[in-house]
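Chains, contacts and geometry: an overview
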Amino acid sequence: MRVITGLWRWRHNPLRRGTDLAEAWVALVALVLVVVAAPVVGTVAASLSRDALYHSVQEQRDQRHETTATVVKKVAQPPLDPDPETSTARDAHSRVLATWTAPDGSAHRDRVVAGLTAPRAGDTFPLWTDRQGHVVGRPLDRATAATHAVLAGVGAGVALIGLVEGARRLVVWRMVRRRYARWDRAWDIAGPDWGRTGAGS
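Residues numbered from 1 in each chain as written. Predicted model: local features only at pLDDT ≥ 70, side-chain atom pairs only at ≥ 80, totals over all residues. Heavy atoms only, no water.

1. A short note on the pattern of salt bridges
Applying the stated rule across the entire model yields three salt bridges. Arg168 is the partner of Glu165 in a salt bridge, and the nearest nitrogen-oxygen pair spans 3.0 Å. Taken together, the positions of Glu165 and Arg168, both in helix 4 (residues 142–190) and three residues apart, correspond to about one turn of that helix. The closest approach of N and O atoms between Arg169 and Glu165, which form a salt bridge, is 2.8 Å. Here Glu165 and Arg169 lie together in helix 4, a separation of four residues that amounts to about one turn. You can call Arg169 partly exposed: its relative accessible area is 43%. Connected via shared salt-bridge partners are Glu165, Arg168 and Arg169. (Salt bridge = Lys/Arg side-chain N within 4 Å of Asp/Glu carboxyl O. Helix = DSSP H or I, 4+ residues; strand = E, 2+ residues; numbered from the N terminus. Buried < 20%, exposed > 50% of the residue type's maximum accessible area, 1.4 Å probe, protein only.)

Okay, structure coming up:
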């Protein structure tokens, strides 16, 4: 909105000062950067992020494997979490002692978190591991990667808009300070004779 206000100074006015015109130029440059550069920066950032994330997705798919784990017994849960947001997520999972076979054929047995609300011995659940059978997180999927890329692009565009607006405000602030300084100097010259008869004021 302030950019539009700055552009308003382009209008013809006999009282328009040089600094008004300079401020209008600054507003015009800021508007062009916001309208043109921000979408370009956002698009480039989203594209680069998407490529990097898709590469990461492919690497994770190559290195992580889904296997089926079998519950041996349920393990005591940690103390109750008083935070309702995190406790809901915790209640949907259980800690169990489970066994599974790694992609390389080795057998494993360890305590893991299972997506079971009431696990019993013999229940099975999916588990992600690396080639050696060590438990790892679920690999990132392409839809999530695309969402993250879009958010990165939007963030880059918004950051550029903020940078441009901050620079515009700084330039205008410096212009206003110089204007006030010139007014002070002019007042110092005219001030002592202001309103006196025959002083030409």
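The discussion continues.
2. Quick look at the sheet that holds strand 3 (residues 107–114)
Spatial strand order, 3-2-1-4: four strands in an open sheet with antiparallel pairing. Across the chains shown, the open sheet's two edge strands, defined by having one partner strand only, are strand 3 and strand 4 (124–129). Mean inter-strand twist for the sheet, computed between neighbouring axes without regard to direction, equals 45°. Where strand 1 (residues 65–74) and strand 2 (residues 94–101) come together, four bridges link them in antiparallel fashion. Across the sheet, the residue bridging to Thr70 is Thr99, located in strand 2. (Pairing = 2+ DSSP bridges. Axes fitted to C-alpha atoms, helices over the stretch in contact; angles between N-to-C directions.)

3. Describing a positive patch on the surface
Residues Arg174, Arg177, Arg178, Arg182 and Arg185 make up a contiguous surface patch of positive charge. Along the polypeptide, Arg182 turns up in helix 4. (Patch = residues over 30% accessible without salt bridge, like charges linked within 9 Å, V, L, I, M, F, W, Y side chains within 5 Å. Areas by Shrake-Rupley, 256 points an atom, 1.4 Å probe, with all protein chains shown as cover. Lys, Arg positive; Asp, Glu negative; His and termini not counted. Charge placed at Lys NZ, Arg CZ, Asp CG, Glu CD.)

4. Some words on the side chain of Gln60
For Gln60, the position within the fold is in helix 2 (residues 18–63). When near neighbours in sequence (up to four residues on either side) are disregarded, Gln60 contacts Arg138, Pro139 and Leu140. (Contact = heavy atoms within 4.5 Å.)

5. Focus on the confidence of the model for the protein chain
With 77% of its residues at a pLDDT of 70 or more, the protein chain shows a mean pLDDT of 81. When the elements of the protein chain are averaged for pLDDT, helix 3 (residues 84–91) gives the smallest value, 48, and strand 4 the largest, 91. Below pLDDT 50 for its whole length, residues 86–90 participates in six contacts with residues either more than four positions away or in separate chains. (pLDDT = per-residue confidence, 0-100.)

6. So, the nonpolar core
Grouped together as the largest cluster of nonpolar side chains are ten residues: Ala69, Val71, Val96, Ala98, Trp100, Val112, Ala114, Leu116, Phe125 and Leu127. Of all the secondary structure elements, the ones that give two or more residues to this core are strand 1, strand 2, strand 3 and strand 4. Among the elements that take part in this core, strand 2 stands out by supplying three residues, more than any other. Apart from the residues lying within four places of it in its own chain, the contact partners of Val71 are Val96, Leu97, Ala98, Leu116, Pro119, Arg120, Ala121, Gly122, Asp123 and Phe125. (Core = buried A, V, L, I, M, F, W, Y, C linked by side-chain atoms within 4.5 Å.)

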